[in-house]
Amino acid sequence: MTPFAMLYALHVLAATMWVGGMFFAWMVLRPAAVAVLQAPERLRLWADVFRRFFVWVWVAVLVLPISGIGMWHMRFGPLESAPRYVHIMAGLYLVMLALFLRIQLLQLPALKRAIEGEQWPAGGAALGKIRRLVGVNLILGLLVIALASARPLF
């Protein structure tokens, strides 16, 4: 396996874990949890899901820029010589990272505090903010995947 192929495989796997996990959570787990669980159980479930999933998101957050910059240098040389779509992908990664950090550092602690205090309406509000941010990140992640797949000529 060439160094480029190894970086590419790591990059695709990291993106798949992050974006695929958000897709599963948004499109499958959330509707099932709403249909089956009452608020306290649903909030506890989500706190545990986030605890487990965010470990993998942190892996992706670290692997993506390392593998991406490595591929960038191997394929295009200096940063300014890469096609515009590569710059856009890097910029969208930064936006996705910022949204993830907002969830991790602000909304998730609010959810945990609400659960510990059995303040279910506050927990629902915190979970709603997380859900919206995950939805935005999911859309951005799908856009990045589409952009990487299309490799436009601009």
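Since the structure is predicted, the reported quantities are computational estimates derived from the model, not experimental observations.

Feature annotation in UniProt assigns "transmembrane region" (unreviewed entry) to the following positions: residues 6-29, 49-73, 85-103 and 133-150. As annotated, residues 6-29 has a helix share of 100% and a strand share of 0%, and its two end C-alpha atoms lie 32 Å apart. End C-alpha atoms of residues 49-73 are separated by 36 Å, and the span's content is 100% helix alongside 0% strand.

What the rule picks out here adds up to seven aromatic pairs. Both rings, one in Phe53 and one in Phe54, keep their centres 6.1 Å apart while their planes meet at 45°; by these two values the pair is tilted. Judged by relative accessible area, which is 6%, Phe54 ranks as buried. When the centroid spacing of 5.2 Å and the interplanar angle of 75° are considered together, the rings of Trp58 and Phe100 count as edge-to-face. Taken together, the positions of Trp58 in helix α2 (residues 39-76) and Phe100 in helix α3 (residues 84-116) put the pair 42 residues apart, joining distant regions of the chain. Residue class for Trp58 comes out partly exposed when judged on its relative accessible area of 35%.

On to α3, then. With 33 residues, α3 extends 47 Å between its outermost C-alpha atoms, agreeing within 8% with the 48 Å of an ideal straight helix rising 1.5 Å per residue. By the largest-angle criterion, Gln107 marks the main kink of α3, which is about 35°, and a proline, Pro109, follows within four residues.

It is worth spelling out the environment of Glu116 at this point. Within the fold, Glu116 resides in helix α3. Considered as a pair, Glu116 and Asp48 are 68 residues apart in the sequence and their alpha carbons are 13 Å apart.

With respect to the element layout, Leu147 can be found in helix α4 (residues 120-150). Sequence-wise, Leu147 and Ile88 are 59 residues apart; in three dimensions their C-alpha atoms are separated by 8.7 Å. Leaving out residues up to four positions away in the same chain, Leu147 has contacts with Tyr85, Ile88, Met89, Pro152 and Phe154.

What counts and what doesn't
Residues numbered from 1 in each chain as written. Predicted model: local features only at pLDDT ≥ 70, side-chain atom pairs only at ≥ 80, totals over all residues. Heavy atoms only, no water. UniProt positions renumbered as here; feature names shortened; annotations may be inferred. Helix = DSSP H or I, 4+ residues; strand = E, 2+ residues; numbered from the N terminus. Phe/Tyr/Trp six-rings, centres within 6.5 Å; stacked < 30°, edge-to-face > 60°. Buried < 20%, exposed > 50% of the residue type's maximum accessible area, 1.4 Å probe, protein only. Expected span 1.5 Å × (residues − 1). Bend = angle between axes of the 7 residues up to and from the residue. Contact = heavy atoms within 4.5 Å.

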